[in-house]
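Analysis of the macromolecular model
Residue strings, one per chain:
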Amino acid sequence: MPLLYPLVLSAALFGIGLYGVLARRNAVMMLLGVELMLNAVNLNLVAFDAWFADQLHTGQVLTLFTITIAAAEIGLGLAIVLALFRAVRTVDVDEVGASS
Amino acid sequence: MRRTWSYVVLTAALSVAVAVWAVPHLEGDASTRVWVEGSSLLGVSLATHVDALAAQVLLLAVGVGLLVQIYSTAYLGHHARYRSYALVIILFLFGMIAVVAADDLFVLLIGWEVMGLCSYLLIGHEWQTAAARSGAAKAFLMTRVADLGLLVGILVIGQTYGTYRISEVITQEPDNATAIGLLLLVAVVGKSAQFPLHTWLPDAMPGPTPITALIHAATMVAAGVYLVARLMPIFEASELVMTLLAIIAAVTMLLGALFALAQTDLKRALAWSTVSQLAFMFAALSTGDADAGTDHLLSHGAFKALLFLGCGCLMHAVGSSALSAMGGLRLRMPVTFWTMSIGFAALAGVVPTVGFFTKDSVLHALDHGRHEGPLPEGIAVMLLGVALLTSFVTAAYATRLWLLAFLAPATTDRAGLSTGSRSEHRAMTGPLLALAVASFALSIGQPFHLGMGVLSTLVAAAGVGAVLMVWRRGHSLDLDAPWLTSELGLDRPYASWIPSTTRSSARAVVDVDRDGIDAYSHGSVRVAELASRVLALVQTGNVQRYATVIAAGVVVITAAAVIWT
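All figures in this text were calculated on a predicted structure; none of them were measured in a lab.

Considerations on the overall build of chain A
The secondary structure content of chain A amounts to four helices and zero strands. Tracing chain A from N to C terminus, the helices and strands come up as α-α-α-α. For a compact globule of 100 residues, the expected C-alpha radius of gyration is about 13 Å, and chain A comes in at 17 Å, more than 25% above that figure.

Structure, rendered in structure tokens:
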């Protein structure tokens, strides 16, 4: 498989994620955007690991590491969003910024 | 009283010290001594040079200084600020000693400026009156501006001769004489109140009278004469400078004498007389005869100090220096009358007072200057003519002042003034007697020129006679010529033109500063304000918008990097 396909897919994923972070006002959707960008990076890592045929598979190891971090990060992020919702009864970032 | 005598003792100690130093040099053996050697950087060393002339002037300065200090104990001893007054006199004497004895031109300059400062402080001693304040400021400003000539002149001398020591400068071949001479002339004209910088001296008269006697008659104003005499080889080398000096002297001596003739104020008349007599000395110097000029300096120092101190006695008695307030004082103040009569006789040039002999020397020098010397013949003849005319006017105004002060009928009732010598304090009459004796004693050994002596006596007698004739016929002695009482309006440039020019140029500078230079700073403020308003539009506070801009920036940079590599 040529390298180009996973790279195009990963760029598309990253672009969608970036769009989500920049354009959405819902905090949960912004967190989803961050997740998409992280996974685009994971895809890149795996693709290049396969392309270089690295003996130690550092790319795959780093991917596993990133997934772990991402799991922790999304847990923490959702907890903050929940706390935010309890406090101000909304998860819209513009309203939160305006009310504070 | 003990308080005041301590300053007299201090002055006396200074006088004795200076006398011990100066007297051995009177016979003419000059000595140059370096007290502190200067560094090679500036080359200024504390050096003194005392010859016969310097010794004479030193003795005159400390002698008059001591007499004035004694006189002041009675005149101003109860004044609240007597302490500072007496100390400034002593400081002044140090300045004068520095000028007279200095061998290094910078030491001379320092003394010269110290004298100017003391003159300012003492004219303004009665600073509660507006006249004293403005007179002090005027004297200081005019002499100080003129002093720049001395400073620049000294620098030029240093550049030309490679040394600042007078004793070395005058032994060298004169060089750059015209430039140096003109620069020094500016300082001399300012300090000695010569035309056209003469108007400060009459306006310095609100100062205490003893100060006028010391500074503005005997010593400081004569320092200009002394400086010219000291640097005579440089002045002599330039015909232009000497001609200019002669013209200045001629104009000043006649104007001063005429103004003195028209005054209604005794002290101001004596001030104009001083201006005129100083010009007399400069006339002698301009022919290259330094001895005649400095002899007249010494004799004038004695008899003019006498006249001013006597004037102070009269002012003390009648409470005013206006001639109209005086009159009929002959019997009430006999000591003042007799001593001032001697002073007026010396001023008019009556034999055998010292004034006659030194005036005779000056006239002889002028006569001599027609044939040889640095002056062109026409100028020398003119100078001699003006000097004889001035002698006539001098004799006339001296007689007029004498008559009006002592012999005219008293115009005001003086019930409060006691008769006889009781109205005269001993501390005030003592200096008068000493100076009166000096007015005769200094005549001893003076040269005498028969022809000129007879001529000047005739001229003086004509002046005295003319005034006496007018007086005998019962006419008023007040001259009503408006051009004389207004002093020709010569003060107008200093009193009105220069201040108004300064004021308008200051206003113009303010305008330029406000409308021109400030426009830039105000403009930059406005530009910054506008720019910040534009930039504030971008600052929304929305983090997502900032992040969008950052992402767009990254995309642009990446695209640019891809395209151009």
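Things to note about the overall build of chain B
A count of helical and extended segments in chain B gives 22 helices and two strands. For a compact globule of 565 residues, the expected C-alpha radius of gyration is about 24 Å, and chain B comes in at 31 Å, more than 25% above that figure. Its C-alpha atoms give chain B principal-axis dimensions of roughly 115 × 60 × 50 Å. A burial count over chain B gives 50% of its 565 residues as buried. Here the contacts in chain B between residues at least 6 apart in sequence split such that 80% fall between residues at least 24 apart.

Quick notes on the packing of helix 15 (residues 334-348) of chain B against helix 17 (residues 377-407) of chain B
Residues and elements named next belong to chain B. Two numbers describe how helix 15 lies on helix 17: the axes approach to 8 Å, and their chain directions differ by 165°. Comparing their axes, helix 17 and helix 15 come out roughly antiparallel. For helix 15 against helix 17, the interelement crossing comes out right-handed. Within the contact between the two elements, helix 15 uses F337, S341, F344, L347 and A348 and helix 17 uses T394, A395, A398, T399, L401, W402 and F406. Here the residues of the contact of helix 15 with helix 17 are counted per class, giving nine nonpolar, three polar and no charged.

So, the nonpolar core
Ranked by size, the top nonpolar core spans 183 residues in total, and within it L58(B), A283(B) and A305(B) carry the most contacts. In terms of residues, this core owes the most to one element, helix 17 of chain B, which gives 17 residues. Setting aside its immediate chain neighbours within four residues, A305(B) contacts V64(B), A213(B), L214(B), A217(B), A218(B) and L435(B). Among the nonpolar cores identified, the runner-up in size contains five residues, and L18(A), V21(A), A27(A) and M30(A) belong to it.

Digging into helix 7 (residues 177-191) of chain B
Residues and elements named next belong to chain B. Taking 1.5 Å of rise per residue, the 15 residues of helix 7 would be expected to cover 21 Å, and the 21 Å separating its terminal C-alpha atoms lies within 8% of that figure. Burial analysis of helix 7 places eleven of its 15 residues in the buried class, the great majority of the element. Those residues of helix 7 that fall on the buried side of the exposure criterion are A177, I180, G181, L183, L184, L185, A187, V188, V189, G190 and K191. Buried residues belonging to helix 7 abut helix 5 (130-161), helix 10 (223-230), helix 11 (232-236) and helix 12 (239-262). The first or second residue beyond helix 7 is A193, which carries a positive phi of 55°.

Observations regarding helix 9 (residues 209-218) of chain B
Residues and elements named next belong to chain B. Among the ten residues that make up helix 9, ten are buried, leaving the element largely enclosed by the rest of the structure. All buried positions along helix 9 are accounted for by T209, P210, I211, T212, A213, L214, I215, H216, A217 and A218. On its buried face, helix 9 is in contact with helix 2 (52-75), helix 3 (82-101), helix 4 (105-123), helix 8 (200-203), helix 13 (266-286) and helix 14 (290-318).

Quick look at the confidence of the model for chain B
All names here are of chain B. Overall, the predicted model of chain B reaches an average pLDDT of 83, with 95% of residues at or above 70. For chain B, per-element mean pLDDT is lowest for helix 20 (residues 482-485), which scores 69, and highest for helix 22 (residues 543-563), which scores 91. Here the predicted complex scores 0.75 on pTM and 0.78 on ipTM.

Side note on the packing of helix 7 of chain B against helix 10 of chain B
Residues and elements named next belong to chain B. Where helix 7 meets helix 10, the closest approach of the two axes is 8 Å, and the angle between their N-to-C directions is 150°. In terms of orientation, helix 7 and helix 10 fall into the roughly antiparallel class. In contact with L184, V188 and K191 of helix 7, helix 10 contributes A223, G224, L227 and V228. By residue class, the composition of the contact of helix 7 with helix 10 is five nonpolar, one polar and one charged.

Notes on unusual backbone geometry
The peptide bond linking F195(B) to P196(B) adopts the cis configuration, its omega dihedral lying at 5°. By the secondary structure assignment, P196(B) is in the loop between helix 7 and helix 8. You will see that R89(A), though not glycine, has its phi angle at about 60°, which is positive. Relative to the helices and strands, R89(A) resides in the loop between helix 3 (58-88) and helix 4 (93-99). The exposure class assigned to R89(A) is exposed, which follows from the 9 C-beta atoms found within 10 Å. One non-glycine residue, A193(B), adopts positive backbone phi at about 55°. Tracing the sequence through the fold places A193(B) in the loop between helix 7 and helix 8.

Re the environment of G301(B)
Residues and elements named next belong to chain B. Take G301: it is sitting in helix 14. Separated by 86 residues in the primary sequence, G301 and I215 place their C-alpha atoms 9.9 Å from one another. Look past the residues within four positions of G301 in its chain and what remains in contact with it is L60, V64, A218, T219 and A222.

Thoughts on the pairing of strand 1 (residues 31-36) of chain B
Residue and element names in this part refer to chain B. Where burial is concerned, little of strand 1 is hidden: zero out of the six residues are buried. With five bridges joining them, strand 1 and strand 2 (residues 46-50) adopt antiparallel strand pairing. In the sheet register, S31 faces strand 2, and the bridge partner there is V50.

Here we look at the environment of L32(A)
By the element assignment, L32(A) lies in helix 2 (residues 27-52). With twelve residues separating them in the primary sequence, L32(A) and G20(A) have C-alpha atoms 7.6 Å apart.

Thresholds, definitions, all that
- Residues numbered from 1 in each chain as written.
- Chains lettered and ligands numbered in written order.
- Predicted model: local features only at pLDDT ≥ 70, side-chain atom pairs only at ≥ 80, totals over all residues.
- Helix = DSSP H or I, 4+ residues; strand = E, 2+ residues; numbered from the N terminus.
- Rg over C-alpha atoms; globule rule 2.2 N^0.38 Å.
- Buried ≥ 20, exposed ≤ 12 C-beta atoms within 10 Å, placed from the backbone.
- Contact = placed C-beta atoms within 7 Å.
- Axes fitted to C-alpha atoms, helices over the stretch in contact; angles between N-to-C directions.
- Parallel < 35°, antiparallel > 145°, perpendicular 65-115°, else oblique.
- Left-handed = near helix turned anticlockwise from the far one by under 90°.
- Nonpolar A, V, L, I, M, F, W, Y, C, P; charged D, E, K, R; others polar.
- Core = buried A, V, L, I, M, F, W, Y, C linked by C-beta atoms within 7 Å.
- Expected span 1.5 Å × (residues − 1).
- pLDDT = per-residue confidence, 0-100.
- Pairing = 2+ DSSP bridges.

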